[in-house]
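A structural walkthrough
Each chain, written out:
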Amino acid sequence: MRHLNLSGDPYSMGVAQGKIFQRNVQSFPLRLDPFQREHGKKSERILREFFPEACAEMRGVSDTIGAEYTDFSAWMLCMGCCMYNLEENIPIETRGCTAFAYSKQGRILFGRNNDLPPYLKDTCASELYSPTNANRFSLATSSFIQGEEGINEQGLTVAMTFVMTDLEKIEPGFNACFAVRYLLEKSDTVRKAIALLMELPIASNCNLLLADPTGEMAVVECAPTAKTIRKPVGTDGNRIVCAANRFVCEEMRPYAATAGNDYDSQKRYNVVLGSFPGRFEKADPIEATRRLLRGEYGFMCQYDSDPNFETVWSSIFDLKHLRIYRAEGDPRNEEFVADNALRDLMWPGKEFEQKTTAGR
């Protein structure tokens with residue numbers, strides 16, 4: 001997993017990334033068919049209206065590597081949406097992922113397995129962003145600029161999970177990964193993030209999980225023509241919300257096109273909800289979350305029968321303390337290691353607990 005530290009105005013951050021790609025002789029498969037090219041062009045106009053900073057960052061990359069901006073931005077906006085020929089004409093998007101957030105014993109925690117084809121493993125990165133006049137945040141991504149999950153300096157956590165969409169129902173708009181980036185940069189609470197999300201044109205089906213340090217949490221189930229807010233289950237002291245690769249809300253199910261091809265999404269969802277709060281009663285919440293993500297409580301990351309699919313990273317966030325723990329690979333084989341980049345950025349050289357006590 002690459003680790004990047006980016007700061008400044010959007011264009012300069014794009015230039016910095018472009019220089020990294022040049023040094024690593026990175027090439028980009030800008031192979032778009034007419035449908036994708038048209039979708040990407042229309043979506044870029046929408047992105048520019050709502051989030052011009054992201055467009056400036058993409059232009060910084062494209063100018064630096066010598067790519068045509070129109071094709072480059074269209075390619076990025078097709079990711080996680082209609083990139084069905086990303087590698088040698090793969091017929092469908094293949095993305096799993098299980099994300100959840102919960103409150104327990106006064107702790108607010110987030111956990112996630114990011115499940116992808118193995119060939120995307122080398123592109124994965126943890127990126128620390130310090131944009132000018134916006135929230136600072138840590139973003140985990142299998143791409144760049146956009147991301148699958150993150151936590152910002154306010155403790156707001158945003159994560160996406162993919163839900164299959166019929167191609168003819170895809171519309172111009174934000175893909176889920178740009179929505180994650182937008183909400184991290186522009187929001188400080190779940191309430192504000194939901195308000196922004198409800199105004200956002202979404203290109204294809206997805207779940208967006210939101211949680212903040214006050215204990216507010218929700219999943220917004222999104223289709224191009226509909227959005228529904230799903231609240232956590234449980235009592236006030238023990239609440240949990242989970243998103244996998246299907247819609248849970250009855251009114252959203254007709255929009256999904258999974259046809260059973262969702263990598264045991266329902267099984268993973270049931271394992272998460274079935275483990276809480278019972279499995280968390282005696283164990284430390286961080287340790288219980290590790291065990292859940294490792295599949296010790298049931299099927300979560302055990303894709304051994306499919307050589308073309310695996311968990312490429314796992315994350316745990318402690319929202320109140322901005323603590324990040326990540327296993328860079330299958331969590332059954334890799335240890336969860338602390339990523340202190342965001343915390344150290346905010347409170348360099350100071351004791352974290354003292355600073356949070358004074359500042360919150």
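Rules used in this analysis
Residues numbered from 1 in each chain as written. Predicted model: local features only at pLDDT ≥ 70, side-chain atom pairs only at ≥ 80, totals over all residues. Heavy atoms only, no water. Phe/Tyr/Trp six-rings, centres within 6.5 Å; stacked < 30°, edge-to-face > 60°. Helix = DSSP H or I, 4+ residues; strand = E, 2+ residues; numbered from the N terminus. Buried < 20%, exposed > 50% of the residue type's maximum accessible area, 1.4 Å probe, protein only. Pairing = 2+ DSSP bridges. Axes fitted to C-alpha atoms, helices over the stretch in contact; angles between N-to-C directions. Salt bridge = Lys/Arg side-chain N within 4 Å of Asp/Glu carboxyl O. Core = buried A, V, L, I, M, F, W, Y, C linked by side-chain atoms within 4.5 Å. Contact = heavy atoms within 4.5 Å. Arc of directions from axis to C-beta. Polar contact = N/O pair within 3.5 Å; in protein donor to acceptor, adjacent residues only side chain to side chain. Expected span 1.5 Å × (residues − 1). Left-handed = near helix turned anticlockwise from the far one by under 90°. Nonpolar A, V, L, I, M, F, W, Y, C, P; charged D, E, K, R; others polar. Parallel < 35°, antiparallel > 145°, perpendicular 65-115°, else oblique.

With that settled, consider the packing of aromatic side chains. The description of an aromatic ring pair uses the distance of the two centres, along with the angle that the planes make with each other. On inspection of all chains with the given rule, the structure shows 20 aromatic pairs. Aromatic pair Phe72 and Phe144: ring centres 6.1 Å apart, planes at 35°, arrangement tilted. Remark: Phe144 occurs in the loop between strand E5 (137–141) and strand E6 (149–152) and Phe72 occurs in helix H4 (residues 69–78); sequence separation between them is 72 residues. Each member of the pair, Phe72 as well as Phe144, carries the same accessibility label: buried.

Hydrogen bonds between backbone groups are what pair the strands of a sheet, and the pairing can be parallel or antiparallel. With mixed pairing, the 8 strands of this open sheet are ordered in space as E1-E4-E5-E6-E7-E8-E9-E10. Two strands lie at the open edges of the sheet, namely strand E1 (2–8) and strand E10 (226–230), each paired on one side alone. Strand-to-strand, the axes of this sheet are offset by a mean angle of 15°, without reference to chain direction. Pairing between E1 and strand E4 (residues 125–131): 7 bridges, direction parallel. Looking across to E4, one finds that Leu4 is bridged to Glu127.

Glancing now at the pattern of salt bridges. Applying the stated criterion to the full structure yields 22 salt bridges. Here Arg136 ties to Glu153 by a salt bridge, and the two come within 3.1 Å at their closest N and O atoms. Here Glu153 lies in the loop between E6 and strand E7 (157–162) and Arg136 lies in the loop between E4 and E5, a separation of 17 residues in the sequence.

Moving on, we get to the nonpolar core. Counting residues in each nonpolar core, the largest one holds 59 residues, and the members touching the most others are Leu47, Met58, Phe72, Trp75, Phe144, Phe174 and Phe178. Take this core: its biggest share by element is 8 residues, from helix H5 (residues 176–186). With residues near it in sequence (within four places) discarded, Met58 still touches Leu47, Tyr69, Phe72, Ser73, Met76, Ile145 and Phe178. If you look at the next biggest cluster of nonpolar residues, it comprises 22 residues, including Leu109, Val271, Val272 and Ala283.

Buried within helix H6 (residues 190–198) we find Val190, Ala193, Ile194 and Leu197. The buried residues of H6 all sit within an arc of 100° when viewed along its axis, so they share a single face. Among the structural elements, H5, strand E8 (206–211), strand E9 (217–223) and E10 are those in contact with the buried residues of H6.

Moving on, we get to the side chain of Thr161. Turning to its location among the elements, Thr161 is positioned in strand E7. Within the structure, Thr161 has its side chain in polar contact with the backbone oxygen of Ala244 (distance 2.4 Å). Excluding its chain neighbours within four sequence positions, the residues that come into contact with Thr161 are Cys97, Ala99, Arg112, Cys206, Asn207, Ala243, Ala244 and Asn245.

The next point concerns unusual backbone geometry. The step from Phe276 to Pro277 runs through a cis peptide bond, and the omega angle for that step is 5°. In the Ramachandran plot, Asp264 falls in the positive-phi region, its phi being about 55° despite a non-glycine side chain. Structurally, Asp264 can be placed in the loop between strand E12 (239–243) and helix H7 (265–275). Relative accessible area serves as the criterion here: at 38%, Asp264 is assigned to the partly exposed category.

Take helix H3 (residues 52–65) next. With 14 residues, H3 extends 20 Å from end C-alpha to end C-alpha; this agrees with the ideal 20 Å at 1.5 Å per step. Those residues of H3 not exposed but buried are Ala54, Cys55, Glu57, Met58, Gly60, Val61, Ser62 and Thr64. Turning to H3, the residues buried within the fold contact helix H1 (10–23), helix H2 (34–50), H4, E4 and H5. Gly66 sits one or two residues past H3 and shows a positive phi near 80°.

In contact at an axis separation of 10 Å, H3 and H5 are set at 115° when each is read in the N-to-C sense. The handedness of the crossing between H3 and H5 comes out as right-handed. Residues Glu53, Ala54, Glu57 and Met58 of H3 pack against Phe178, Arg181, Glu185 and Lys186 of H5. Within the contact of H3 with H5, the residues separate by chemical class into 3 nonpolar, no polar and 5 charged.

The next thing to look at is the packing of H2 against H4. When two helices pack together, you describe them by how their axes are tilted relative to each other and by the distance separating the axes. It is the contact of H2 with H4, at a shortest axis distance of 8 Å, that shows an interaxial angle of 90°. With respect to H4, the axis of H2 lies roughly perpendicular. Two secondary-structure elements touch here, H2 through Gln36, Arg37, His39, Gly40, Lys41, Ser43, Glu44 and Leu47 and H4 through Tyr69, Thr70, Asp71, Ser73, Ala74, Leu77 and Cys78. Grouping the constituent residues of the contact of H2 with H4 by class yields 5 nonpolar, 6 polar and 4 charged.

The values are spatial; any link to function lies outside them.
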